[in-house]
Protein chains: 2
Amino acid sequence: MAKLTILGAGYMGSALAVVAAGRGHQVRLWGTWLDDELVGPAMRGEPHPRLKMELPAGIEIFSSEGLAAALAGAEAVVCAVNSDGVEPVFERATEHLPPGGPILSVTKGFLPDSGGRIRRVSEVVRERFLLPAGRDRPWVAIAGPCKAMEVARGVPTAVVYAAADLAVAESCARWLEDDHYTITRTDDLAGAEACSAFKNAYATASGLCDGLQLAGHPEMYNTKAMMFAQAIAEIARMGAALGGRPATAYGQAGVGDLHVTAAAGRNRTYGERVGRGEVPGEAAEAMRAVGELTEGYPALRTGWLLLSQMAGPGELDMADFPLLAALHEVVYEGADVARILAGLRMRD
Amino acid sequence: MAKLTILGAGYMGSALAVVAAGRGHQVRLWGTWLDDELVGPAMRGEPHPRLKMELPAGIEIFSSEGLAAALAGAEAVVCAVNSDGVEPVFERATEHLPPGGPILSVTKGFLPDSGGRIRRVSEVVRERFLLPAGRDRPWVAIAGPCKAMEVARGVPTAVVYAAADLAVAESCARWLEDDHYTITRTDDLAGAEACSAFKNAYATASGLCDGLQLAGHPEMYNTKAMMFAQAIAEIARMGAALGGRPATAYGQAGVGDLHVTAAAGRNRTYGERVGRGEVPGEAAEAMRAVGELTEGYPALRTGWLLLSQMAGPGELDMADFPLLAALHEVVYEGADVARILAGLRMRD
């Protein structure tokens, strides 16, 4: 039995608390200052407002002011805030991190480092918070197709734990694996992070097709499938350019996660709204206003910046990313969806 | 302009006739003895009963007794019958094949050769018909995500033309490629055929989840995505064992085609019926009775036989195909769907 502290009491943090409690661990679930309306009911034993189920009795729940207490003596810390929240949370949490134990992260995306370069979440958190405080920790990225509602309910799920040191991924996986939450271990941290971040951007593509169809266009399953396969090719290339392995994109972290994200979830919904004709920026704002942050919207921007930053003679060729270019054109450059999709030329 | 003869006037044969006519070729579309009710209306200029649209005026249409005339002088022949029909058609067609030109095939699946071993369609047709008649031809397998209804309507589609000799794939692609039907060329014929055949078998998995959900089970997007990624891994392994390259499965031929097949189509529907509780053999029979042959049903069987035939010490390990094993258990061994899915353990 281990002591695990989970930072972030939204969908995924709470779902992982359920998994960890089910494995008999001592679980502490800390809600950020944005999670008050989630943590309150959970503390009173009422159903978690997002997961729509009661959390197991053993889970200790902390509201935002209890950060130090929540982290005291933790053997591992799970980072389950969204990409917007990861910096403010580590700003406050770093000084309370107990020594040694790993950080497991479901936070995904790319962020600017202190020099303004776009980098992976693990790199930015280490560079900006952990290393300056002398508190560097092994980082385990959790990737793969995993909707929180289903994990919390024991629906068969396969995820990937990725750490630079395979032994760290292995020990974390042994803590949390159960019959319905199976875990592949890999040392391809860069590849796994690339998959998790980019899948949100590419999942909007499926939504665009759905939206066009709702707006009266003919069915376009062929186009949707073509874009799905092309997305995998582009994610694999990007992962390799970041130091990862293409194979990671071809497994659960890439193909699996893109599948679930493109089939169900906010990023698909966001694409659908744009496909139906909403102005991309306004659709993102409207969703954010009702608490439905679509990480694909910023991920398309940071992904594009990352690509531009890596492209050049002898390096990445922008022409190998026609789908990312098309999505960026639609979402950030005001291009017409139907025209862009009709003009897509894929490279296999 | 080339003279192309298409064998089979169902969905895909007719759709390719539309594409070829659009590129200005001289197109002859031959219907088998099972296609009479499709060919009749098309000959009278009425909408094609499957495609629900009129065929372009230039297409010359032949009913089954016009086989010799349809093939006379053809520079290339497109085989667009289903896997049940390919042997009886080549039994009649081989003697009329004009010399030299390639055979493009959308027919997919595995068939027993004259020794009873399960092999790829191209191998069986060559071994049983073309070689004995001294009429061997270059074979081009057409793979990738391609619903006929959408191709015929110019919806953006990306396919793969695969031939042992890349130059043959290239020349066929140049004949048929247009702005909305883009073609990747590859020399991985074995890999492409493996993808086309197995995707029908694996697409039933998505349907099983849908069916369970309709029968009252909770949502299982995680499981569906896990099985999708696992299917790609198994198809890639199988393709490699057949002499192909795994990369083919990771592109449009594998990921793309499985996506469209699992999202829409008869094999998904078949899985859904089984997931809802129908007896697998009866569901297949009921669909066949209304003209909805599900190629996934026989493909699961032949795929399983093929795997068994290739497995052994130092060769393929059956344990690397847990999803195919699970699907075979459900569809051919009477196992309970929900129990099997809950017990799935994937290998990434």
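Residues numbered from 1 in each chain as written. Chains lettered and ligands numbered in written order. Predicted model: local features only at pLDDT ≥ 70, side-chain atom pairs only at ≥ 80, totals over all residues. Heavy atoms only, no water.

Trainee: Where do I start with the overall build of chain A in this structure?
Mentor: Per the secondary structure count, chain A includes 16 helices and 10 strands. A globule of 348 residues ought to have a C-alpha radius of gyration of about 20 Å, and chain A, at 20 Å, matches this closely. Seen through its C-alpha atoms, chain A measures out along the principal axes to roughly 55 × 45 × 35 Å. Counting the 348 residues in chain A, one finds 61% classified as buried. (Helix = DSSP H or I, 4+ residues; strand = E, 2+ residues; numbered from the N terminus. Rg over C-alpha atoms; globule rule 2.2 N^0.38 Å. Buried < 20%, exposed > 50% of the residue type's maximum accessible area, 1.4 Å probe, protein only.)

Trainee: How should I be thinking about unusual backbone geometry in this particular structure?
Mentor: Residue Lys52(A) is not a glycine yet carries a positive backbone phi of 60 degrees. Inspection of the secondary structure assignment puts Lys52(A) in the loop between α2 (36-43) and β3 (60-62).

Trainee: Please explain helix α4 (residues 86-93) of chain B as it appears in this structure.
Mentor: Residue pairs three or four apart in sequence face the same way in an α-helix, which turns once every 3.6 residues. For α4(B), every residue scored as buried is listed here: Val86(B), Glu87(B), Val89(B), Phe90(B) and Ala93(B). Along the axis of α4(B), the buried positions cluster into a sector of 160 degrees, meaning they face one direction only. (Arc of directions from axis to C-beta.)

Trainee: Mind showing me how you'd approach the pairing of strand β8 (residues 139-143) of chain B here?
Mentor: Two faces belong to every sheet, and in a regular strand the side chains alternate between them. Residue and element names in this part refer to chain B. When you tally the buried positions in β8, you get five out of five residues, the bulk of the element. Burial of β8 is two-sided: the residues Trp139, Ala141 and Ala143 facing one way and the residues Val140 and Ile142 facing the other way are all buried. Sheet topology note: the strand β5 (residues 103-105)/β8 ladder contains three bridges and is parallel. From the neighbouring strand, leucine 104 faces β8, where its bridge partner is valine 140. Pairing geometry for β8 and strand β9 (residues 157-163), over four bridges, is antiparallel. For alanine 141, the partnering residue across the bridge sits in β9 and is alanine 162. (Pairing = 2+ DSSP bridges.)

Trainee: Explain the interface of chain A and chain B to me, please; I cannot follow it from the model alone.
Mentor: One frequently used descriptor of interface size is the decrease in accessible area upon assembly of the parts. Each partner contributes to the interface: chain A provides 41 residues, whereas chain B provides 41 residues. Both faces considered, chain A and chain B share a buried interface measuring about 3,400 Å² in area, 61% of it formed by carbon and sulfur atoms. Counting the contacts that link chain A with chain B gives zero salt bridges. Joining chain A to chain B, the criterion identifies 12 residue pairs in polar contact (both at pLDDT 80 or more). Those elements that place two or more of their residues in the side of chain A that touches chain B are α6 (148-152), β9 (157-162), β10 (181-186), α9 (221-241), α11 (252-263) and α16 (337-342) of chain A. Considering every element that reaches the side of chain A that touches chain B, the biggest residue donor is α9(A), with 10 residues. Taken together, the residues of the side of chain A that touches chain B break down into 23 nonpolar, 11 polar and seven charged. (Contact = heavy atoms within 4.5 Å. Buried area = accessible area lost by both parts, 1.4 Å probe. Salt bridge = Lys/Arg side-chain N within 4 Å of Asp/Glu carboxyl O. Polar contact = N/O pair within 3.5 Å; in protein donor to acceptor, adjacent residues only side chain to side chain. Nonpolar A, V, L, I, M, F, W, Y, C, P; charged D, E, K, R; others polar.)

Trainee: What is the right way to read the nonpolar core from this model?
Mentor: The biggest cluster of nonpolar side chains holds 120 residues, and the ones touching the most others in it are Tyr202(A), Leu324(A), Tyr202(B) and Leu324(B). In this structure, Tyr202(B) is in contact with Ala231(B), Glu234(B), Ile235(B), Leu258(B), Phe321(B), Leu323(B), Leu324(B) and Leu327(B), ignoring residues within four places of it in sequence. (Core = buried A, V, L, I, M, F, W, Y, C linked by side-chain atoms within 4.5 Å.)

Trainee: Would you mind showing me how to read the pattern of salt bridges here?
Mentor: Side chains that differ in sign of charge can pair as their charged atoms come close. Within this structure, the stated rule accounts for 36 salt bridges over all chains. Of the charged contacts in the structure, one is a salt bridge between Arg268(A) and Asp210(A), with a shortest N-O distance of 2.7 Å. One end of the pair, Arg268(A), is in helix α12 (residues 266-275); the other, Asp210(A), is in helix α8 (residues 189-214), with 58 residues separating them in the sequence. Comparing Arg268(A) with Asp210(A) shows no difference in burial state: the two are buried. Measuring nitrogen to oxygen at the nearest pair gives 2.6 Å for the salt bridge that ties Asp136(B) to Arg126(B). Residue Asp136(B) is located in the loop between α5 (121-130) and β8, and its partner Arg126(B) is located in helix α5; the two are separated by 10 residues in the primary sequence.

Trainee: Looking at this structure, how should I read the confidence of the model for chain A?
Mentor: Averaged over all residues, the pLDDT of chain A equals 94, while 99% of them reach at least 70. This complex was scored by the predictor with a pTM of 0.96 and an ipTM of 0.96. (pLDDT = per-residue confidence, 0-100.)

Trainee: Would you mind showing me how to read the sheet that holds strand β2 (residues 26-30) of chain A here?
Mentor: Residue and element names in this part refer to chain A. Strand order in the open sheet formed by eight strands is β3-β2-β1-β4-β5-β8-β9-β10, and the pairing between neighbours is mixed. Lying at the two open borders of the sheet, with one neighbouring strand each, are β3 and β10. Within this sheet the neighbouring strands show an average axis-to-axis angle of 25 degrees, counted without direction. Relative to β9, strand β8 (residues 139-143) runs antiparallel, the two sharing three bridges. Across the sheet, helix α7 (residues 166-176) touches β1 (3-7), β4 (76-79), β5 (103-105), β8, β9 and β10, and the angle it forms with β10 is around 175 degrees. Relative to β8, α8 is tilted by about 45 degrees, and along the sheet it contacts β8 and β9. (Axes fitted to C-alpha atoms, helices over the stretch in contact; angles between N-to-C directions.)

Trainee: Can you help me understand the packing of aromatic side chains in this one?
Mentor: Aromatic ring pairs are described here by two measures, namely the spacing of the ring centres and the angle between the planes. The final tally for this structure, using the stated rule, is 18 aromatic pairs over all chains. When the ring of Tyr270(B) is compared with that of Tyr297(B), the centres are 5.6 Å apart and the planes differ by 65 degrees; the resulting orientation is edge-to-face. A residue pair is termed long-range when its members are at least 10 positions apart, and Tyr270(B) in helix α12 (residues 266-275) and Tyr297(B) in helix α14 (residues 296-310) qualify at 27 residues. Note on Tyr297(B): relative accessible area 22%, which makes it partly exposed. By the ring-pair criterion, three or more aromatic residues cluster together here, those being Phe90(A), Phe129(A) and Trp139(A). The ring of Trp33(A) has Arg92(A) lying over it, and the distance from NZ or CZ to the ring centre is 4.1 Å. If you follow Arg301(B) out to its NZ or CZ, it ends over the ring of Tyr332(B), 5.6 Å from the centre. (Phe/Tyr/Trp six-rings, centres within 6.5 Å; stacked < 30°, edge-to-face > 60°. Lys NZ or Arg CZ within 6 Å of the ring centre and 35° of its normal.)

Trainee: In this structure, what is going on with the relation of the copies chain A and chain B? I would like to understand it.
Mentor: Between the two copies of the chain lies a relationship made up of a rotation around an axis and a movement along it. Aligned on chain B, chain A shows an RMSD of 0.0 Å; the corresponding rotation is 180 degrees and the shift along the axis is 0.0 Å. In the structure described here, the two chain copies are related by an operation that fits a two-fold rotation axis. No C-alpha of chain A approaches the rotation axis more nearly than that of Tyr250(A), which lies at 3.2 Å. Mapped onto chain B, 100% of the interface residues of chain A again fall at the interface, so both copies present the same surface. (Least-squares fit on C-alpha atoms with pLDDT ≥ 70 in both.)

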